[in-house]
Amino acid sequence: MASVIQRRLKDMMLNIQVMHVCGTHQDTLERYGLNPLLKDSGIIVRQGPGCPVCVTTSHEYEMAMTLARGGKTLVTFGDAARVPGRRGSLLDLRGEGCDIRVVYGVEDAIEIARTTESEVVFFAVGFETTAPGTAMSLLKEPPSNFSVLSCHRYIPPVLDSLLGMGEFKPDGLIQPGHVSAIIGLQPYEALAKKYRLPQVIAGFEPLDLLMAIYMIAKQVSKGEARVENEYTRVVHPEGNTKALKALDDVFVPRDLAWRGFATIPNSGMGLLPRFSDWDAERIYQDELSNVPSDDEKRGCRCGDILRGVIESHECPLFGKICTPANPVGPCMVSIEGSCGIEYRHRKTS
């Protein structure tokens, strides 16, 4: 089947650029060696801002570190805990005596709060995939010593921002399967109309990606710009209505900066006023008032990679100064980061 798709792509004689918005898609491309096959067929594929740990800004990581240094028990996911800041990562703070815990989900964080008298802050990173879990937990009224530092984000606004910038002009978008399982197809329709851009929601197997690219190529060749769903076995047009309701019940859209981008209107998930008792930004606003602004490490081009301007190997630090053992930026840290994925698979291929 893969050879059939490749032959049909070659027969189209297209020369197009496609962007995907998911670190798992990038891993599939690299792991199964799809990029050389696609380039041979006239298709270039780049990763966009689809790594939640990567697009979280230095300022947000510094907020989490400030709270940890202030004596709070800081709880988050493993990748987020390893992202380097001005003076090391959250995990490095353990050496200073800070209480940093790595969990698999928000429920683990709440259980920690139930079994300790410490103030527990959940550093909540992620898109519409992980945000419903945070929302559901807050709707159950967690312990009073628990709070959320919400760095959750909505995907559609950043895509609008990226396309409007015009630095990288894709001929089509591969939309993320996990996010789309929550939000459905409708949020992408505005992008299709505004930018006349083909879009296909894809699963994560090699054939899913190849089929999605073929579907985009067919739209390009016909001059169409529609939202199609290759991942029909998981993604439904209306999305997950229960999860969407939970998001609406807990979060309010707010303007938020993304790594590599300026502030993007209505792209962040802030907590509604009724959840102010669990809102870490409100509770600890005095402590957070002097947190340094964003400061990308010198030479790191993670932001350019997230905008599709360059590929990972084009960063001068890649594989030299910046490696998984000594990461300079989050794109090398996260399992969904383009740099870490490219480094890992090139070294083992």
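Residues numbered from 1 in each chain as written. Predicted model: local features only at pLDDT ≥ 70, side-chain atom pairs only at ≥ 80, totals over all residues. Heavy atoms only, no water.

Caption draft 1: Expanded view of the side chain of Arg307. Tracing the backbone through its elements, the reader meets Arg307 in the loop between α16 (302–306) and α17 (330–333). A distance of 2.8 Å separates the side chain of Arg307 from the backbone oxygen of Gly260, its partner in a polar contact. Not counting residues within four places of it along the chain, the set of residues in contact with Arg307 comprises Met19, Leu162, Met165, Glu167, Phe168, Gly260 and Phe261. (Helix = DSSP H or I, 4+ residues; strand = E, 2+ residues; numbered from the N terminus. Polar contact = N/O pair within 3.5 Å; in protein donor to acceptor, adjacent residues only side chain to side chain. Contact = heavy atoms within 4.5 Å.)

Caption draft 2: A look at the sheet that holds strand β2 (residues 43–47). What the five strands build is an open sheet, ordered β2-β1-β7-β8-β9; its pairing is parallel. Each edge of the open sheet carries a strand with a single partner, namely β2 and β9 (227–229). Averaged over all adjacent pairs, the angle separating strand axes in this sheet is 25°, with direction ignored. Here strand β1 (residues 16–20) runs beside strand β7 (residues 172–175); their pairing, made up of three bridges, is parallel. From the neighbouring strand, Val18 faces β7, where its bridge partner is Gly172. Sitting on the sheet, helix α11 (residues 186–195) is in contact with β7, β8 (199–201) and β9, with an inclination near 160° to β8. (Pairing = 2+ DSSP bridges. Axes fitted to C-alpha atoms, helices over the stretch in contact; angles between N-to-C directions.)

Caption draft 3: Representation of the sheet that holds strand β5 (residues 120–126). Ordered in space as β4-β3-β5-β6, the four strands form an open sheet in which the pairing is parallel. Taken across any chain shown, the strands that pair with only one partner, and hence form the sheet edges, are β4 (100–102) and β6 (146–152). Each adjacent strand pair in this sheet contributes to an overall mean axis angle of 20°, direction not counted. Both strand β3 (residues 73–76) and β4 contribute to a ladder of three bridges, which runs parallel. Note on β4: the bridge partner recorded for Val75 is Arg101. Contacting β3, β4, β5 and β6, helix α5 (residues 58–69) runs over the sheet at an angle of about 165° to β6.

Caption draft 4: Local environment of the side chain of Asn35. Checked against the element boundaries, Asn35 lands in helix α3 (residues 34–40). Among residues more than four places away in sequence, those in contact with Asn35 are Leu29, Glu30 and Val45.

Caption draft 5: Structural detail: the pairing of β5. The buried count for β5 comes to seven of seven residues, which makes it a mostly enclosed element. Burial along β5 is two-sided: the residues Val120, Phe122, Ala124 and Gly126 and Val121, Phe123 and Val125 are all buried. Sheet topology note: the β3/β5 ladder contains three bridges and is parallel. Looking across to β5, one finds that Thr73 is bridged to Val120. Once the chain exits β5 it traverses helix α8 (residues 131–139) before rejoining the sheet at β6, and the crossover so formed is right-handed. (Buried < 20%, exposed > 50% of the residue type's maximum accessible area, 1.4 Å probe, protein only. Right-handed = clockwise from strand over helix to strand, strands pointing away.)

Caption draft 6: Quick look at the pairing of β1. Along β1, four of the five residues are buried, which leaves the element largely enclosed by surrounding structure. Bridge count for β1 against β2 is five bridges, and the pairing is parallel. Across the sheet, residue Met19 finds its bridge partner in β2, namely Arg46.

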